[in-house]
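# Structural features, examined
The lines below spell out each chain.
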Amino acid sequence: MNILPAQERIPFLFIAYITAGILHVQLTISHLATDAFTAEEDEKLQFFAFQMRTTRNIDCSWWDDWFHGGLQYQIEHHLFPQMPRHYLAKTKPLVEELCKKHDLPYRSTSLSGAVSECLSDLHSIRHFIDDLAYPHEIMPVS
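What counts, and where the lines are drawn
- Residues numbered from 1 in each chain as written.
- Predicted model: local features only at pLDDT ≥ 70, side-chain atom pairs only at ≥ 80, totals over all residues.
- Heavy atoms only, no water.
- Helix = DSSP H or I, 4+ residues; strand = E, 2+ residues; numbered from the N terminus.
- Rg over C-alpha atoms; globule rule 2.2 N^0.38 Å.
- Buried < 20%, exposed > 50% of the residue type's maximum accessible area, 1.4 Å probe, protein only.
- Areas by Shrake-Rupley, 256 points an atom, 1.4 Å probe, with all protein chains shown as cover.
- Lys, Arg positive; Asp, Glu negative; His and termini not counted.
- Charge placed at Lys NZ, Arg CZ, Asp CG, Glu CD.
- Patch = residues over 30% accessible without salt bridge, like charges linked within 9 Å, V, L, I, M, F, W, Y side chains within 5 Å.
- Salt bridge = Lys/Arg side-chain N within 4 Å of Asp/Glu carboxyl O.

This part is about the overall build of the chain. If you tally the helices and strands in the chain, you get seven helices and two strands. In the chain, the succession of helices and strands from N to C terminus is α-α-α-β-α-α-α-β-α. In terms of C-alpha radius of gyration, the chain reaches 20 Å, well past the compact-globule figure of 14 Å for 142 residues. Taken along the three principal axes of its C-alpha coordinates, the chain extends 55 × 50 × 30 Å. Sorting the 142 residues of the chain into buried and exposed places 23% on the buried side. Put simply, the chain shows about 10,500 Å² of open surface, and 64% of that area lies on carbon and sulfur atoms. A distance of 7 Å separates the average location of the 11 positive side-chain charges in the chain from that of its 18 negative side-chain charges.

As a further point, take a negative patch on the surface. A contiguous patch of negative charge on the surface is contributed by E40, E41, D42 and E43. Turning to its location among the elements, E40 is positioned in helix α2 (residues 39–44). Accessibility expressed as a relative area gives 54% for E40, which makes it exposed.

Written out as structure tokens, the structure reads:
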């Protein structure tokens, strides 16, 4: 087994970490700051309704579409995990129509909007944890 020389290893690692970082951001913003359920609530919800409440799509322009690699259609991907990604965009209007018909939420927001929602949710969680950790102390507002 040959180990690449440093001048080849460093660019490889840099590109690999950037790629993995983009993937992690995409997956994180598609799933955080959505509804959470107890096991009992989860059992009461049907599969379709559960998927609508626990994930979101990311709206992107035609030029940004390539960077998301189909992951911007998380809702459709969760409903149809075996569907090739080039069909997810074609499925989106059908899923939106079904959600409207059954009065279910269809979360689709911009990349910056999703990041903002996730950061806001993490901020709320931080305050919740502070209240648990220091129930009798008044925490400074940040």
